[in-house]
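Tertiary structure, described
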Amino acid sequence: MLTDVSVTVSARSRLAIVGENGRGKTTLLHVLAGLLDPDSGSVSRVGTVGIAEQNITVRAGETVGDLVAETIEPAKRALRDLDAATLLLTEDAPGADDAYAAALDAATRLDAWDAERRVDIALAALNACTDRSHPLSTLSVGQRYRVRLACLLGASDDILLLDEPTNHLDRAGLDFLTDRLRAHPGGLAVVSHDRALLRAVAEEFLDLDPSPDGRPQLFAGGYAGWQEGRRRARDRWESDYEEQLAERARLREAVDGARDRLSTGWRPDKGHGKHQRQSRAPGLVQMLKRRQSDLDAHTITVPEPPLRLRFPELPVRRGTPALRCEGITVPGRLNTPIDLTLEAGNRLLITGPNGAGKSTLLTVLVGALTPATGTVHQHSSARIALLGQEVPDWDLTATAHDIYEQHTRHLDNPLPLNATGLLEKQTSRTPVGRLSQGQQRRLHLAIELAARPTVLLCDEPTNHLSTTLVDDLTTALSTTPATVVVATHDRRMLSDLTDWPRLTLSA
């Protein structure tokens, strides 16, 4: 939920909108773009606004060409208006000079003569479908996203709003996107888990995570400035929270002490008169009331620190056989025979361009796809889990807790949902359809960790997650005793895991 947010995205803005999953980052982009009306407050827009959403709705029969045509229509219209104004100018019509100047300005601002070529360049650079007649509905989620992103990058809007734009991009696509965003002449607001992209393009960070006054915080100084400012704010937050807890504990102890003295401690020694007890009792009663009043008046105003990712503890003996495959291929998806031997505690990075077969290989290893050639041997004691790129098709009316129970009830001693620190209590009671993409991704990860897997296969594990959780996840994947295989294009994760053995696939 968004509360009391004030932000300006100007013609030269390089703004990153950050925060934990479910804080309202996507909602804020939708409000800025005019796709969603705020419950209160107002939004003013000047110029054109283009948005790249995480989810793309495809209309029946819509093709790649339809999407491209829709994207470049403002440029085409500007050229038609310029042609009409030119004709009026040659006819020496009244007001022709002003009409021509306005049309020329509009076409120049959109760089209308080059619009279609810009889209073609972006389609090729992002490895997207270039066949104009191809139906969007037959493309994969990643392909559809890349087509939409290419159109957006070719449209020359004044303001670009991008929601997780690096999802589904390989290294070449990531580099192209980064260069285009850095060169964009207009304003930019981006929601992204990609730390390399944020370092490269963002100058200001609007952090939607909780703060002592409940309002979002704006940090300048680029990625480093945000990290340092956030760290200092978090340190102050935790210090204030601990001080308030300590003060409350002190007041509670004072109340307990006063109550003890009233019930037993005030009694005089044996043989003393009754009047002594009567004279001391009112003072002790008043003291107890004062102590209780102090406790009642004390409130903890600092919110509790957010959840932190916790991987399950595993009694895994390093070197124990886990998984082996020999000569596996899947025609059209994994053409080069793959041989792998993995033991407990092994690490492996799988890299390569889109279409090289990374996802296919992981699907074969987990046993969800039978290879055309070769064999896969899973050790009898191995518990294998696959965190895919996208969340499964869940019943969107069921709560996160219900989904978790459905997927874990068959397990022996599954982890409780709150054991991993991935979902807050109120989130677990929320229907999945009302959760953000990031919250659904957290639920997906929690389900895969529920069985305490000894082999964890991760396909683009940073997709949709917050930068803070990505940092925690990277650390957990590096330190867990489980066998870990990661397929990713995430440049920062590749850098963080640079010492892992690597298998590079080719398209």
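Residues numbered from 1 in each chain as written. Predicted model: local features only at pLDDT ≥ 70, side-chain atom pairs only at ≥ 80, totals over all residues. Heavy atoms only, no water.

With respect to the pairing of strand β5 (residues 204-207)
Put simply, the rule reads: Here, any two strands with at least 2 DSSP bridges between them count as paired. Helix and strand assignments follow DSSP, with helices taken as H or I runs no shorter than four residues and strands as E runs no shorter than two, numbered in order from the N terminus.
By the bridge criterion, 4 bridges tie strand β1 (residues 14-18) to β5 in an arrangement that is parallel. Within β5, the position partnered with Ile 17 by the bridge is Leu 206. As paired elements, β5 and strand β6 (residues 217-219) share 3 bridges and run antiparallel to each other. Across the sheet, the residue bridging to Phe 205 is Phe 219, located in β6.

Remarks on the UniProt feature "coiled-coil region" (unreviewed entry) in the chain
Our working definition: UniProt positions are given in the numbering used here, feature names are shortened, and annotations may be inferred rather than shown by experiment.
The sites that UniProt annotates as "coiled-coil region" (unreviewed entry) are residues 234-261. Annotated as residues 234-261, this span is 100% helix and 0% strand, and its ends, taken at the C-alpha atoms, are 40 Å apart.

Some thoughts on the packing of helix α4 (residues 115-125) against helix α6 (residues 171-183)
For the record, the criterion: All axes are obtained by fitting lines to C-alpha atoms, using only the stretch in contact for helices, and the reported angles, taken between N-to-C directions, cover 0 to 180 degrees. Contact between two residues is taken to exist if any of their heavy atoms lie within 4.5 Å; hydrogens are not considered.
Running from N to C, α4 and α6 cross one another at 145°; their axes reach a closest spacing of 9 Å. Here α4 contributes Arg 118, Ile 121, Ala 122 and Ala 125 to the contact with α6, which in turn contributes Ala 172, Gly 173, Phe 176 and Arg 180.

Observations regarding the sheet that holds strand β7 (residues 321-330)
Strand order across the open sheet formed by 3 strands is β8-β7-β10, with antiparallel pairing between neighbours. Two strands close off the open sheet at either side, each with one partner strand: β8 (334-343) and β10 (373-378). Pairs of neighbouring strands in the sheet enclose a mean axial angle of 10°, with direction left out of account. In terms of strand pairing, β7 meets β10 through 5 bridges, oriented antiparallel. Bridging from a neighbouring strand, Leu 323 pairs with Gln 378 of β10. This element, helix α10 (residues 358-366), spans β7, β8 and β10 of the sheet and lies at about 125° to β7.

Some words on the pattern of salt bridges
Side chains carrying opposite charge are able to pair once their charged atoms draw close together. Our working rule: Salt bridge, as used here, is a side-chain nitrogen of Lys or Arg placed within 4 Å of a carboxyl oxygen of Asp or Glu. Only protein chains enter the accessibility calculation, which uses a 1.4 Å probe; a residue whose area is less than 20% of its type maximum is buried, one above 50% is exposed, and one in between is partly exposed.
Within the structure shown, the criterion is met by 28 salt bridges. Of the charged contacts in the structure, one is a salt bridge between Asp 111 and Arg 118, with a shortest N-O distance of 3.2 Å. A salt bridge links Arg 492 to Asp 496; the nearest nitrogen and oxygen atoms lie 3.1 Å apart. Residue Arg 492 and its partner Asp 496 are both found in helix α15 (residues 491-496); the two are separated by 4 residues, about one turn of the helix. In this structure Arg 492 comes out as partly exposed when scored by relative accessible area, which is 24%.

Notes on the UniProt feature "domain: ABC transporter" (unreviewed entry) in the chain
When the UniProt feature table is mapped to this numbering, "domain: ABC transporter" (unreviewed entry) covers residues 1-253 and 309-505. Segment residues 309-505 splits into 27% helix and 24% strand. End C-alpha atoms: 31 Å apart.

Notes on the environment of Asn 167
By the element assignment, Asn 167 lies in the loop between β3 (159-163) and α6. A residue is classified by how much of its surface remains accessible, and Asn 167, at 3% relative accessible area, is buried. Along the chain, Asn 167 and His 193 lie 26 residues apart, while their C-alpha atoms are 9.2 Å from each other. Once you skip the residues sitting within four places of it in the chain, Asn 167 turns out to touch Tyr 145, His 193, Asn 463 and His 464.

Looking at the domain arrangement of the chain
This is how the line gets drawn: Domain ranges listed in this record stem from an automatic or a database domain assignment. By buried area we mean the combined loss of accessible area, with a 1.4 Å probe, across both parts when two parts are placed together. Polar contact criterion, stated in full: a pair of N or O atoms within 3.5 Å, where within protein one must be able to donate a hydrogen and the other to accept it, and residues adjacent in sequence count only if both atoms are side-chain atoms. Polar here means any residue other than Ala, Val, Leu, Ile, Met, Phe, Trp, Tyr, Cys and Pro, which are nonpolar, and Asp, Glu, Lys and Arg, which are charged; Gly is therefore polar.
Considered domain by domain, the chain is made up of domain 1 (14-229) and domain 2 (320-504). A separation of 31 Å is found between the C-alpha centroids of domain 1 and domain 2. Each partner contributes residues to the interface: domain 1 has 28 residues there, and domain 2 has 27 residues. Of the roughly 2,300 Å² buried where domain 1 meets domain 2, counting both sides, 40% is carbon and sulfur surface. Counting every contact that joins domain 1 to domain 2 gives 7 salt bridges. On inspection of domain 1 and its partner domain 2, the count reaches 12 residue pairs in polar contact (both at pLDDT 80 or more). The set of elements that each furnish at least two residues to the side of domain 1 that touches domain 2 consists of α6, α7 (195-201) and α8 (222-265). Counting residues per element, the side of domain 1 that touches domain 2 draws most heavily on α7, which supplies 5 residues. Along the lines of polarity and charge, the residues of the side of domain 1 that touches domain 2 split into 7 nonpolar, 11 polar and 10 charged.

Structural notes on the packing of aromatic side chains
The cut-off we apply is this: Only rings of Phe, Tyr and Trp enter the pairing, Trp through its six-membered ring, and a pair is recorded when the two centres are within 6.5 Å. The plane angle decides the type: under 30 degrees is stacked, over 60 is edge-to-face, the rest tilted.
With the rule as written, the count across this model stands at 3 aromatic pairs. Geometrically, the ring pair formed by Phe 205 and Tyr 223 is edge-to-face, given 6.0 Å between the ring centres and 75° between the ring planes. Highlighted residues: Phe 205 in strand β5 and Tyr 223 in helix α8, separated in sequence by 18 residues. Both residues of the pair, Phe 205 and Tyr 223, count as buried. Taken together, a centroid distance of 4.8 Å and an interplanar angle of 5° make the contact between Phe 205 and Trp 226 stacked. In this pair, Phe 205 is assigned in strand β5 and Trp 226 in helix α8, connecting sequence segments 21 residues apart. With a relative accessible area of 0%, Phe 205 lands in the buried category. An aromatic cluster of three or more residues is present, and its members are Phe 205, Tyr 223 and Trp 226.

Things to note about the sheet that holds strand β11 (residues 384-387)
In space, the 5 strands of this open sheet follow the order β11-β12-β13-β9-β14, with parallel pairing throughout. The open sheet has two edge strands, β11 and β14 (502-504), and neither has a second partner. Sheet twist, expressed as the average angle between the axes of neighbouring strands with direction ignored, equals 15°. In the sheet, strand β9 (residues 347-351) pairs with strand β13 (residues 483-487) via 4 bridges, with the strands oriented parallel. Within β13, the position partnered with Leu 348 by the bridge is Val 485. Packed onto the sheet, helix α13 (residues 437-449) meets β11 and β12 (455-459) and runs at close to 170° relative to β11.

Observations regarding the side chain of Thr 483
Inspection of the secondary structure assignment puts Thr 483 in strand β13. Looking at Thr 483, its side chain comes within polar contact range of the main-chain oxygen of Glu 343, at 2.8 Å.

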